[in-house]
Amino acid sequence: PDIPLAALVDRLLARVPATGRHFDVRRAAFPRRMPADDATIAPNDIATAINDLMAAHGKMPIASDIGDCLFTAMDIEHTALVAPGYYATMGFGVPAGLGVQAATGARPLVLVGDGAFQMTGWELGNCPRYGWDPIVIVFNNASWEMLRTFEPNARFNDLSQWDFASMAAGMGGDGQVVRTRDELTAALALAWQRRGRFQLLDIRLAPGV
């Protein structure tokens, strides 16, 4: 307890023999250049499209929920990121994104699964009141897919298909359903252009992807 990280690293370095050896650290290769085709979307495609967006328009802070969202965030070019690492925190993404914009004034990207969105996605209804306009990307596979990896035969992981895009207008935002990679690129570009209202991308992923 109460040991600063810098002090710990300094002490560890002091214990390393002075051999003069140099270790090269390779820069992470983040996916870029989304193919403009009608292929269905996988989580890595979302990372690719976001990397392309930020390369064109600058980095945005990210608030991510757990599961596929968090793993996808690891394939996004380094930027400010707030995310939990524990499954008991499901539902963190949307409220955290609102907190990011409230605290910093920066427009955030929010990565959230459909199960988590069913819990706390309705907080987006507060955006018009405060003038927040996050871009919210819903990983919509109609299931609790990460829980399925722990118990593949459990049927409780199957959810009904909710049309989140159509619900956005009722909360004061804009929604788009996205099914293919070329639609994803176009939807992100449109979402980035629209300011003053939250933008919700309802991305349809196949269960099991």
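Structure shown above.
In what follows, the accompanying structure is described.

Parameters at a glance
Sequence positions are assigned chain by chain, starting from 1 and proceeding in written order. Local features are withheld for residues below a pLDDT of 70 in this predicted model, meaning they are given only at 70 or higher, and side-chain atom pairs are given and counted only at 80 or more; totals for whole chains, interfaces and linings count all residues. Hydrogens and waters are ignored; side-chain quantities use all the structure's heavy atoms. Pairing of aromatic rings covers Phe, Tyr and the six-membered ring of Trp, with a centre-to-centre limit of 6.5 Å; geometry is then stacked below 30 degrees between planes, edge-to-face above 60, and tilted otherwise. Put simply, a salt bridge is a Lys or Arg side-chain nitrogen that is within 4 Å of an Asp or Glu carboxyl oxygen. In DSSP terms, a helix is any run of H or I states spanning at least four residues, a strand is any run of E spanning at least two, and both are numbered starting from the N terminus. Per-residue accessibility, obtained with a 1.4 Å probe over protein chains only, is compared with the maximum for each type, and a residue is labelled buried under 20%, exposed over 50%, and partly exposed between these values. Should any heavy atoms of two residues lie within 4.5 Å, those residues are counted as being in contact. Here, a strand pair is defined by DSSP locating no fewer than two bridges between the strands. Structural elements are reduced to axes, namely lines fitted to C-alpha atoms, with helices fitted over the stretch in contact, and the angle between N-to-C directions of any two is expressed from 0 to 180 degrees. Any N or O atom pair separated by 3.5 Å or less is treated as a polar contact, with the protein-specific requirement of one donor-capable and one acceptor-capable atom, and with residues adjacent in sequence counted only for side-chain atom pairs. Expected span, for any helix, means 1.5 Å times one less than how many residues it has.

**Quick notes on the packing of aromatic side chains**
And step 1. One pass over the full model with this rule turns up five aromatic pairs.
And step 2. Put simply, the rings of Phe117, Trp122, Trp162 and Phe164 pair up and form one aromatic cluster.

**What to know about the pattern of salt bridges**
And step 1. Scanning the model with the defined rule gives eight salt bridges in all.
And step 2. The partner of Arg204 in a salt bridge is Asp163, and the shortest N-O contact between them spans 3.6 Å. Highlighted residues: Arg204 in strand 6 (residues 199–204) and Asp163 in the loop between helix 7 (145–150) and helix 8 (164–167), separated in sequence by 41 residues.
And step 3. Residue Asp202 is joined to Arg204 by a salt bridge in which the shortest nitrogen-to-oxygen separation is 3.1 Å.
And step 4. By relative accessible area, Arg204 is classed as buried at 17%.
And step 5. Salt bridges linked by common partners bring Asp37, Asp45 and Arg181 together as one network.

**Here we look at the environment of Pro128**
And step 1. Within the element layout of this structure, Pro128 appears in helix 6 (residues 127–130).
And step 2. Given the relative accessible area of 45%, Pro128 is considered partly exposed.
And step 3. Taking the C-alpha atoms as reference points, Pro128 and Gly196, separated by 68 residues in sequence, lie 8.1 Å from one another.
And step 4. Beyond its immediate sequence surroundings of up to four residues, Pro128 is in contact with Met171 and Gly172.

**Quick word on the sheet that holds strand 2 (residues 81–82)**
And step 1. Judged by pairing direction, the sheet is parallel, and its six strands sit side by side in the order 2-1-3-4-6-5 without closing on themselves. With partners counted over all chains shown, the strands left at the sheet margins are strand 2 and strand 5 (174–178), one partner each.
And step 2. Bridge count for strand 4 (residues 135–140) against strand 6 is six bridges, and the pairing is parallel. From the neighbouring strand, Val138 faces strand 6, where its bridge partner is Asp202.
And step 3. Contacting strand 3 (109–113), strand 4 and strand 6, helix 2 (residues 43–57) runs over the sheet at an angle of about 165° to strand 4.

**Considering the side chain of Ser64**
And step 1. By secondary structure assignment, the location of Ser64 is in strand 1 (residues 62–64).
And step 2. With relative accessibility at 0%, the residue Ser64 sits in the buried group.
And step 3. Side-chain polar atoms of Ser64 contact the backbone nitrogen of Leu70, separated by 3.4 Å.
And step 4. Not counting the four nearest positions on each side in its chain, Ser64 is found in contact with Cys69, Leu70, Ala73, Leu81, Val82, Ala83, Pro84, Phe92, Gly93 and Leu111.

**Quick notes on helix 4 (residues 93–104)**
Working note: α-helix, 3.6 residues per turn, so residues spaced by three or four point in the same direction.
And step 1. Taking 1.5 Å per residue, 12 residues should reach 16 Å; helix 4 reaches 16 Å between its end C-alpha atoms and fits that length.
And step 2. A positive backbone phi angle near 80° is found at Gly105, which sits one or two residues after helix 4.

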